[in-house]
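Per-entry structural report
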Amino acid sequence: METLSFLTGNFNQILSLAWVHTLLVSVAVGLAILTGVPIGIAITQSQRAADAVLYIASVIITIPSIALFGLMIPVLSMIGQGIGYMPAIIAVLLYSQLPIIRNTYTAINNVDPALREAARGVGMTAMQRLKMVEIPLAIPVIMAGVRTAVVMNIGVMAIAAYIGAGGLGTLIQRGISQSDPRQLIIGAVSVSLLAIVADFSLLWLQKRLTPKGLAAAV
Amino acid sequence: MDKTALNRYFRNIFLFLIFCFGVWAERTGYIEEMAYYQEDVIYLAGEHLYLTLVSGGLAVLTGVPLGIYLSRPKMAQRAEASMQLLNIGGTIPTLALLALAMSVLGIGNNAAIFGLWVATLLPIVRNTFTGLRSVPAHMKEAARGMGMTPGQMLRQVELPNSLFVIMAGIRTALAINIGTAPLAFLIGGTSLGELIFTGIAVDDQAMMLAGAITTALLAVVIDFALGLLTMAFVSRGVNPLRQRTA
Amino acid sequence: MITLDKLTKIFDTPNGSITAADHISMEVPTGEICVLLGPSGCGKTTTLKMVNRIIPATSGRVLIHGEDTSQMNTVDLRRNIGYVIQQIGLFPNMTIEDNISVVPKLLGWSAEKYKKRALELLDLVALDPAIFLKRYPSELSGGQQQRVGVIRALAADPKVMLMDEPFGAIDPINREVIQDEFLKMQKELQKTILFVSHDIDEAVKMGDKIAIFREGKLEQYAAPDDLLAHPANDFIAGFVGNDRTLKRLQLVTAGEVMQQNPSMVTLDQPLDEALQLMESRDLEAVTVVNREQKPIGMVRREIAQVHRGSCRDHHDGLPTVIYQDDDLRSVVSRLYRVDASWLPVVDGEGYLQGVITQRGITHHVGATYRTQA
């Protein structure tokens, strides 16, 4: 009951924290798409590079988030950004690389060789092939990678409240430090809901972006 | 491409980076400062491991049987729905899980163990389930046709053939567990999070690094140990890392 | 002996029930291979799998050596039936030795006994135990895996075997080799075997009897020669193919069709004795043998008519000889190739046993049609 009244009383604040949370994750994952997709496409050209890049990305993703924040603080302090949203965005950006690069790489690599052959047969250049055949076919899989990244990083961003990044983690942080179960529960539930909603809406988007002819296969 | 050559190449780069990091740490005096926390590090690393092993052990002991149960033919109808539910559970951020555990169980190690257990359960159940489900039907038919009972089939055929996938799930789960255990400090559990969060709060970077680096090291060590276990327990015939073909 | 008695399977599907096997009754005598043959979806595999109850029967009975299997415990039943499937189904987590020993272990054999058995069985299919015992299935070629699949089913020496397209996944050349190996083994082992196939040539080669299925019904159950000579209806005639008479040729060996006590002359006999022989028996040529009774040539009638002297000076070489065990299909093809109307037949050691003629072959193949008419 108290929790509910806290919810109604502070609804606007909670909404604005959720908005900040979403914004931070979106910006970071957005940047990660801008780097990850081209890297994923580029490494299809060389098995050696692909192995190297995927290896590094998988090492990064195993670093515990709070340890990663910790490791970045001294480095970023040098430019006066030790705490705040900067290390959080960089951490999310780094964590998102693996799912996005890996999915892009496998999707493009898995395009049926016969299709590629056909595209070459009708006289497409390598660029045209990428734009008209390979990327459209790869988009659903890339979206699946983005979805993984977003869901994972909503959680990472919640922890980032402890380095002052803001977002819904702030409620949990305050709930714990002030021994206030209302903020604690609302923070935990709202960040969970955010993750679940993001998961479902990105799944919906992923299905929408799947070319009709492929829908049955995905 | 030769995998071992590649690994050596990366190990060298990795070692070089560690060396650079060490030089930098020495130059800035971090090493000396971190050494100051040696006793805390050792004690807290022990507690950290305790949390991980208890909650992770519980997760293995409950997750594997649950995955087996869901993969049984009689569960076929309900299994997909159960997995969906578990997947939704898996999207809940770990910090939220711990916070909710605290609001139910109060402050302390018990809440931490409970929260970590939940966070670790999903990958184990999911991998056990998918691993068992992907044992080819014809292999199970051969086993049945030879007169194995369901229990014999599970022990002699299904589990050994999905063990690699199950072990991969356990590795993922324990990596999550080790990485989440620092947060347990926030709800009254004892872990390396104590050094990290206190370090951040009082702006003592050496203290924070001592916690963060040790956490990362623990993750590497546990993963390595589980890798050895995988090599030891997964039959060479089904270990993709040890495959020779005719 | 395996007896199927009105064996029936009805599958309930969302689109209504489907009768996969409809009152199948047949009997497989002990020591014989019965091939269940038909297009896909005809019910042959369903019928096979009802024998070891991988698929439970809707109604009807299966009797093995007179004993109703529905009274037996499923697990015991299966442990006493060898089972080979198309995908082989070797357990990739186990070594070859462990794979072969699965059923013996289930039956509680001592380690000493099942290890010895694994050695014997590998020898049986000419896979060197020193190399293969400790290997894993993924380290074997497809043909080797299939051989292991077969000996695994033989491990506990079951009297009955079920084989579901056992050689279907192997390339045609290796398939021939494995089929021959298996037939050789079966000559010794005398198992009672149900064998599913969709390949008429395989069925004719492997089967003592063939059961043709269509849409869940047993259409005809007969020996291969009978089936090819007298298909019961148009469906079967179409299924066995327009060249069914040629297929029958592979079922008969030269030894069965040759004329025994052949006419022959030795090298030292005068040519006019050879001519006399040919005229008295109305032959166009006669085989010349050496002192060991091995054929080395022939004397033609037209030569004997115009020349004098011994056979040694006037014989021609033989284009080729036929072995007793050659099947008629290869005999006919060689007769055509060397453009001969007859050839001498020898046994394994090369001694002359008889002659085989084109007319003799035609007569043999036609015999069954004449008795029918």
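Computed from a predicted structure; not experimentally measured. (Residues numbered from 1 in each chain as written. Chains lettered and ligands numbered in written order. Predicted model: local features only at pLDDT ≥ 70, side-chain atom pairs only at ≥ 80, totals over all residues. Heavy atoms only, no water.)

1. Thoughts on the UniProt feature "transmembrane region" (unreviewed entry) in chain A
Residue and element names in this part refer to chain A. Let me state the cut-off plainly: UniProt positions are given in the numbering used here, feature names are shortened, and annotations may be inferred rather than shown by experiment. Starting at the N terminus, helices and strands are each numbered in turn, a helix being any DSSP run of H or I of at least four residues and a strand any DSSP run of E of at least two.
Here, UniProt's "transmembrane region" (unreviewed entry) annotation points to residues 20-41, 53-76, 82-101, 137-164 and 184-205. Note that residues 20-41 is 100% helix and 0% strand, and that its end C-alpha atoms are spaced 31 Å apart. For residues 53-76, the helix share is 92%, the strand share is 0%, and the end-to-end C-alpha distance is 24 Å.

2. Brief notes about the environment of Gly 237 of chain B
Relative to the elements of secondary structure, Gly 237 of chain B occurs in the segment after helix H10 (205-233). A C-alpha to C-alpha distance of 27 Å links Gly 237 of chain B and Gly 57 of chain B, two positions 180 residues apart in sequence.

3. Some remarks on the confidence of the model for chain C
Quick note on the threshold: Values of pLDDT, which run from 0 to 100, indicate the predictor's confidence residue by residue.
Overall, the prediction assigns chain C a mean pLDDT of 90, with 99% of residues at 70 or greater. Per the prediction output, this complex has pTM 0.81; the corresponding ipTM is 0.82.

4. What about the interface of chain C and chain B?
What counts, and what does not: Contacts were defined at the residue level, with two residues in contact if any of their heavy atoms lie within 4.5 Å. Once two parts are joined, some of their accessible surface, as seen by a 1.4 Å probe, is lost; buried area is that loss totalled over both. The working definition used for a salt bridge is a side-chain nitrogen of Lys or Arg within 4 Å of a carboxyl oxygen of Asp or Glu. Polar contact is defined as a pair of N or O atoms within 3.5 Å, subject to the rule that within protein one atom must be able to donate a hydrogen and the other to accept it, and that residues adjacent in sequence are counted only when both atoms are side-chain atoms.
Contact with chain C, which involves 27 residues of that partner, is made by 24 residues of chain B. Between chain C and chain B, the buried area comes to about 2,200 Å², and carbon and sulfur atoms account for 59% of it. Looking only at chain C, the three residues that lose the most surface to chain B are Phe 91, Asn 93 and Glu 139 of chain C, adding up to 25% of its buried area. The tally of links from chain C across to chain B stands at two salt bridges. With its nearest N and O atoms 2.8 Å apart, the salt bridge here joins Arg 236 of chain B to Glu 139 of chain C. For the pair chain C and chain B, the number of links is eight residue pairs in polar contact (both at pLDDT 80 or more).

5. Quick notes on the UniProt feature "domain: CBS" (unreviewed entry) in chain C
Listed under "domain: CBS" (unreviewed entry) in the UniProt record, and renumbered for this structure, are residues 258-317 of chain C. Taken end to end, residues 258-317 of chain C is 35% helix and 27% strand, and its first and last C-alpha atoms sit 21 Å apart.

6. A word on the UniProt feature "domain: ABC transmembrane type-1" (unreviewed entry) in chain A
Here, UniProt's "domain: ABC transmembrane type-1" (unreviewed entry) annotation points to residues 18-204 of chain A. Counting secondary structure, residues 18-204 of chain A comes out at 83% helix and 0% strand; the distance between its end C-alpha atoms is 21 Å.

7. Some remarks on the sheet that holds strand S4 (residues 59-64) of chain C
What links the strands of a sheet is backbone hydrogen bonding, and the strands pair in either a parallel or an antiparallel sense. Residue and element names in this part refer to chain C. Put simply, the rule reads: Pairing between two strands requires that DSSP report at least two bridges joining them. Simply put, an axis is a line fit to the C-alpha atoms, just over the touching stretch for a helix, and the angle between two N-to-C directions goes from 0 to 180 degrees.
The four strands are arranged S2-S1-S4-S5 in an open sheet whose pairing can be described as antiparallel. This sheet does not close on itself; its edge strands, each paired only once, are strand S2 (16-28) and strand S5 (67-68). The pairing of strand S1 (residues 2-13) with S2 spans nine bridges and is classified as antiparallel. By the bridge assignment for S2, Thr 3 is matched with Glu 27. The sheet strands contacting helix H1 (residues 44-51) are S1, S2 and S4, and the helix crosses S1 at an angle near 115°.

8. Observations regarding the domain arrangement of chain C
Residues and elements named next belong to chain C. Quick reminder of the rule: Marked domain ranges trace back to an automatic or database domain assignment.
One can read the domain layout of chain C as domain 1 (2-249) and domain 2 (254-367). Spacing between the C-alpha centres of domain 1 and domain 2 amounts to 43 Å. On the side of domain 2, six residues touch domain 1, which itself brings five residues to the contact. Summed over both sides, the interface between domain 1 and domain 2 buries roughly 480 Å², with carbon and sulfur atoms accounting for 61% of that surface.

9. Considerations on the interface of chain B and chain A
Listed as interface residues are 33 residues of chain B and, on the opposing side, 33 residues of chain A. Between chain B and chain A, roughly 3,000 Å² of surface is buried when both sides are summed, and carbon and sulfur atoms account for 84% of that area. Between the two partners, chain B and chain A, sit zero salt bridges. Along the contact surface separating chain B from chain A lie zero residue pairs in polar contact (both at pLDDT 80 or more). Listing elements by their share of the side of chain B that touches chain A, those giving two or more residues are helix H1 (3-27), helix H4 (76-91), helix H5 (94-105), helix H8 (150-184), helix H9 (193-201) and H10 of chain B.

10. Focus: the sheet that holds strand S13 (residues 285-289) of chain C
Residue and element names in this part refer to chain C. With respect to topology, three strands assemble into an open sheet ordered S12-S13-S14, the strand pairing being mixed. With partners counted over all chains shown, the strands left at the sheet margins are strand S12 (264-266) and strand S14 (295-300), one partner each. Going across the sheet, the axis of each strand differs from the next one's by a mean of 40°, ignoring polarity. In the sheet, S13 pairs with S14 via five bridges, with the strands oriented antiparallel.

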